[in-house]
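Next come the chains, spelled out residue by residue.
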Amino acid sequence: MLTIRALEEQRARVAFAAAVRAAEAAEQALARAEARLAESGRTLEASRARRFRGGEQSAFLLAFQACHEAVKRARAALDQANEARRRAQMAWMETRTRLRLIERMQQRARDAYRRECDRLEQAALDEFATARAHREAFVL
């Protein structure tokens, strides 16, 4: 039972680690998308400072809007990744709690067994000592 729980806890821990890595990757993807959006905005502003060309402005505006949409998608992906990380963490903590509970129960059983063995050993030693004392009393 303990081995099964330990394997479950290990799987949950691995799943949590994967969820953490996925959330970190989503954060990095969002940072890259925001950097592209900022660069696109600067490019759009720089193009407006020069001569106005309608086609060029339209292309820059479309690129800016595409970057803006990419940031929205990256934020949504980050939100999903954070939610998956939270669920994975909760699952790991739950399996970890169950594992610790079984470990404590197993330790209590070992302690009770050890106390019973000590009690039986002490009873045998007491019986041996009593028998020896009786023999010595009759020998004298």
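Here is what the cut-offs are and how they apply
Residues numbered from 1 in each chain as written. Predicted model: local features only at pLDDT ≥ 70, side-chain atom pairs only at ≥ 80, totals over all residues. Heavy atoms only, no water. Helix = DSSP H or I, 4+ residues; strand = E, 2+ residues; numbered from the N terminus. Buried < 20%, exposed > 50% of the residue type's maximum accessible area, 1.4 Å probe, protein only. Polar contact = N/O pair within 3.5 Å; in protein donor to acceptor, adjacent residues only side chain to side chain. Contact = heavy atoms within 4.5 Å. Core = buried A, V, L, I, M, F, W, Y, C linked by side-chain atoms within 4.5 Å. Phe/Tyr/Trp six-rings, centres within 6.5 Å; stacked < 30°, edge-to-face > 60°.

Engineer: What's the story with the side chain of Glu9 in this structure? I'm lost.
Structural biologist: In this fold, Glu9 is placed in helix H1 (residues 2-49). Residue Glu9 is classed as buried on the basis of its relative accessible area of 7%. A distance of 2.8 Å separates polar atoms of two side chains, one belonging to Glu9 and the other to Trp92. Apart from residues lying up to four places away in sequence, Glu9 is in contact with Trp92, Thr95, Arg96 and Leu99.

Engineer: Looking at this structure, I do not really get the nonpolar core. What am I missing?
Structural biologist: Across soluble globular proteins, nonpolar side chains show a tendency to be buried alongside one another. Of all hydrophobic cores here, the largest spans ten residues; its members are Ala23, Ala26, Leu30, Ala33, Leu37, Cys67, Val71, Ala74, Leu78 and Ala81. Elements with a contribution of two residues or more to this core: H1 and helix H2 (54-139). With five residues, the next largest nonpolar core counts Ala12, Phe16, Ala88 and Trp92 among its residues.

Engineer: Would you take a moment to explain the packing of aromatic side chains for this structure?
Structural biologist: Between two aromatic rings, the relevant description is the distance of the centres plus the angle of the planes. One pass over the structure, following the stated rule, counts one aromatic pair. A ring pair is formed by Phe16 and Trp92, whose centres lie 5.4 Å apart and whose planes are at 15°; its orientation type is stacked. In this pair, Phe16 is assigned in helix H1 and Trp92 in helix H2, connecting sequence segments 76 residues apart. Given a relative accessible area of 15%, Trp92 falls into the buried group.

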